[in-house]
Amino acid sequence: MHDQMTNLRYDWTVDDALELLRRPFHDLLSTAHQVHRRAFNAQVVESAALLSIKTGACPEDCAYCPQAAANNTQLQPEPLMAIDEIVAAARRAHAAGATRFCMGAAWRAPSDKQVEAVAERIEAVSAFGMETCATLGMLTPAQAARLAEAGLDFYNHNLDTSPEFYPSIITTRTYQDRLDTLDAVREAGIAVCCGGIVGMGETVADRAGLLVQLARQNPHPESVPINLLVKVPGTPLDGVDRLDGLDIVRTVAAARIMMPNSVVRLSAGRSEMSDELQALCFHAGASSIFWGDRLLTTDNPGEDDDTALLNRLGMTTGLSSRLAPNLSSSPVVADRELGR
Ligand code: SAM
Ligand code: DTB
Ligand code: SF4
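Overview of the structure. (Residues numbered from 1 in each chain as written. Chains lettered and ligands numbered in written order. Predicted model: local features only at pLDDT ≥ 70, side-chain atom pairs only at ≥ 80, totals over all residues. Heavy atoms only, no water.)

Things to note about the overall build of the chain
Stated formally: Under the scheme used here, helices are H or I runs from DSSP no shorter than 4 residues and strands are E runs no shorter than 2 residues, and both carry numbers assigned from the N terminus. Only the C-alpha atoms count toward the radius of gyration. The rule for a globule is 2.2 Å times the residue count to the power 0.38. Contact between two residues is taken to exist if any of their heavy atoms lie within 4.5 Å; hydrogens are not considered. Each accessible area is a Shrake-Rupley estimate made with a 1.4 Å probe; only the visible protein chains count as cover when residues are assessed. Charge convention: Lys and Arg are scored as positive, Asp and Glu as negative, and His as well as the terminal groups of each chain are ignored. Lys charges are placed at NZ, Arg charges at CZ, Asp charges at CG and Glu charges at CD.
Each helix and strand counted, the chain has ten helices and twelve strands in total. Relative to its length of 340 residues, the chain is compact, with a C-alpha radius of gyration of 19 Å against a globular reference of 20 Å. Referenced to the eigenvectors of the C-alpha coordinate spread, the extents of the chain come out at roughly 50 × 40 × 40 Å. Summarising the internal contacts of the chain: among those between residues at least 6 apart in sequence, 77% fall at separations of at least 24. Working note: accessible area of the chain is about 13,800 Å², and carbon and sulfur atoms make up 52% of it. Here the chain contributes 29 positively and 43 negatively charged side chains, and the mean placements of these two sets differ by 3 Å.

Considerations on helix 5 (residues 141-149)
Short version of the rule: Throughout this description, buried means an accessible area under 20% of the type-specific maximum (1.4 Å probe, protein chains only), exposed means over 50%, and partly exposed covers the range between. This arc is built from the directions going out from the helix axis to the C-beta atoms.
Of the positions making up helix 5, those classed as buried are Gln 143, Ala 144, Arg 146 and Leu 147. Take helix 5 and look down its axis: the buried residues cluster within an arc of 155 degrees, on one side only. Facing away from the buried side of helix 5, by more than 90 degrees, are the exposed residues Pro 141, Ala 142 and Glu 149. Taken together, the buried residues of helix 5 touch helix 4 (112-126), strand 6 (154-156) and helix 6 (175-187). Backbone geometry just after helix 5 places Gly 151 at a positive phi near 100 degrees.

Considering the site of ligand 2
Note the threshold: Near residues are defined by distance, with any heavy atom within 4 Å of the molecule or strand qualifying the residue. Any N or O atom pair separated by 3.5 Å or less is treated as a polar contact, with the protein-specific requirement of one donor-capable and one acceptor-capable atom, and with residues adjacent in sequence counted only for side-chain atom pairs.
Asn 158, Asn 227, Leu 296, Thr 297 and Thr 298 are the nearest of the 13 residues found near ligand 2. Take Asn 158: an N or O atom from its side chain is 2.9 Å from an oxygen atom of ligand 2. Take Thr 297: an N or O atom from its side chain is 2.7 Å from an oxygen atom of ligand 2. Across the complex, the protein chains shield 89% of the 400 Å² of accessible surface that ligand 2 would expose by itself.

Some words on the pairing of strand 11 (residues 286-290)
Which entries qualify depends on this criterion: Pairing between strands is defined by DSSP: at least two bridges between them are needed.
By the criterion of burial, strand 11 is predominantly enclosed, with five of the five residues buried. Of the strand pairs in this sheet, strand 3 (residues 44-54) and strand 11 are connected by three bridges, and their pairing is parallel. Following the sheet pairing, Ala 48 is matched in strand 11 by Phe 290. By the bridge criterion, three bridges tie strand 10 (residues 263-266) to strand 11 in an arrangement that is parallel. Note on strand 11: the bridge partner recorded for Arg 265 is Ser 288.

A few points about the site of ligand 3
What counts here: As a working rule, the residues Ala, Val, Leu, Ile, Met, Phe, Trp, Tyr, Cys and Pro are called nonpolar, Asp, Glu, Lys and Arg charged, and the rest polar, with Gly in that last group.
Neighbouring ligand 3 are Cys 58, Glu 60, Cys 62, Tyr 64, Cys 65, Ala 68, Ala 106 and Arg 173. The residue inventory of the shell around ligand 3, partitioned by class, reads six nonpolar, no polar and two charged.

Side note on the packing of helix 1 (residues 14-21) against helix 8 (residues 245-258)
Any two packed helices are characterised by how steeply their axes cross, that is the angle between the axes, and by the distance between the axes. Formally: Only the stretch in contact is used when a helix axis is fitted, and all axes are lines through C-alpha atoms; the angle between N-to-C directions ranges over 0 to 180 degrees. Any angle between 65 and 115 degrees counts as roughly perpendicular, while under 35 counts as roughly parallel, over 145 as roughly antiparallel, and the rest as oblique. Note: crossing handedness is left-handed where the near helix turns anticlockwise from the far helix by less than a right angle, and right-handed where it turns clockwise.
Contact pair helix 1 / helix 8: the axes reach a minimum separation of 9 Å and the direction vectors enclose 130 degrees. Considered as vectors, helix 1 and helix 8 are oriented oblique to each other. The interaxial crossing formed by helix 1 with helix 8 has right-handed handedness. Of the residues in helix 8, those touching helix 1 at Ala 17, Leu 20 and Leu 21 are Arg 250, Thr 251, Ala 254, Ile 257 and Met 258. In the contact of helix 1 with helix 8, the residues fall into six nonpolar, one polar and one charged.

Things to note about the pattern of salt bridges
As a working rule, side chains carrying opposite charge can pair if their charged atoms are close by. Our working definition: The working definition used for a salt bridge is a side-chain nitrogen of Lys or Arg within 4 Å of a carboxyl oxygen of Asp or Glu.
A complete count under the given rule lists 17 salt bridges for this structure. A salt bridge links Asp 11 to Arg 9, with the shortest nitrogen-to-oxygen separation between them at 2.7 Å. For Asp 11, a relative accessible area of 29% translates into the label partly exposed. Taking relative accessible area as the criterion, Arg 9 reaches 8% and is therefore assigned buried. For the salt bridge of Asp 160 with Arg 178, the shortest nitrogen-to-oxygen distance reads 3.1 Å. Placement of the pair is Asp 160 in the loop between strand 6 and helix 6 and Arg 178 in helix 6, with a sequence separation of 18 residues. Asp 160 sits in the buried class, given a relative accessible area of 2%. Here the salt bridges do not stand alone but share partners, grouping Glu 116, Glu 123, Arg 146 and Glu 149 into one network.

Let's talk about the packing of helix 1 against helix 7 (residues 204-215)
As a packed pair, helix 1 and helix 7 sit with axes 8 Å apart at the nearest point and diverge in direction by 120 degrees. Classified by the angle between their axes, helix 1 and helix 7 sit oblique to one another. Along this stretch, helix 1 crosses helix 7, giving a crossing that reads as right-handed. On the side of helix 1, the interface is formed by Val 14, Ala 17, Leu 18 and Leu 21, while helix 7 contributes Val 204, Ala 205, Arg 207, Ala 208, Gly 209, Leu 211 and Val 212. Across the contact of helix 1 with helix 7, the residue classes tally to nine nonpolar, one polar and one charged.

This is the structure in structure tokens:
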């Protein structure tokens, strides 16, 4: 379906996505950048801080994840953090320039008691004006409603990869389980943050398959994190071949074109990327990053390096990289170029 009012498409096919991912690089980038400028201020990136509020000993078997109990990593498990510690971390992140605070927990699916405890933490962080995000695993509709009531702005739940490649990466929960949680989050009125991971040994068709799963959602996820696999010793994916950096740029560009109003976040893996590669990703339409020197359990570039990079690019951080919504539908790019 193509919504003529909003100029958004929800009928993307794998062939459409493959056609984008395989375009001559400059044609793809040129279109993505023009689409980006219709809806976004190209000089602004959003800055989200991450905190692992419950770490490790996770019963899921995600092959990429240092927190899975099944993976033999050196990670020290930690129970749910106390409210005052979380609030102190959020205040520090706010003072360091982050506008969103994302709390991650290594759960398969939280109990109602655990959701209640996180709801209190969300209320405490919202109270001093930061946007809140949580990623806690699978949720029931009632749990999503409780988090919405607590004031949660975003819920992160990734599809990770294509439905075809998914069973090679995770066996303890299904693709449909993830889609059901996304429905519950959407239904509760919380904005959806949903993306995936590249560089896990997937094919270009798998990257196309992931993008199509995201872009066939109506509405599109408000935030789309594109993570580059962080390889952690002890995880089954530690030895996979490095993904060509230009394929990361292509994935960002295709996401930008397919979901023109969504905020595409260049997420995990930036510590392994050159400044030049990150600059290309911003040009291709990424307008959000994780801010601070820690992701959940692994390293991120840190405020000083990121501030220096943004300065060199004439860019700044800001609460929203989105332009006014009515600017987003001006037909600057010919339908032909967008694959319509
Ligand atoms: N346990 C919850 C879940 O899986 O939904 C929330 C936390 S989990 C760590 C959040 C996301 O982090 C995963 O869905 C995955 O996309 C990403 N992630 C985990 N380990 C990663 C790694 N080594 N490299 C890149 N992304 C990773
Ligand atoms: C997302 O897409 N990436 C973040 C956030 N959502 C929760 C997590 C990245 C985790 C990288 C590995 C680690 O630090 O444990
Ligand atoms: Fe657990 Fe989430 Fe890591 Fe999977 S990605 S092992 S569910 S913490």
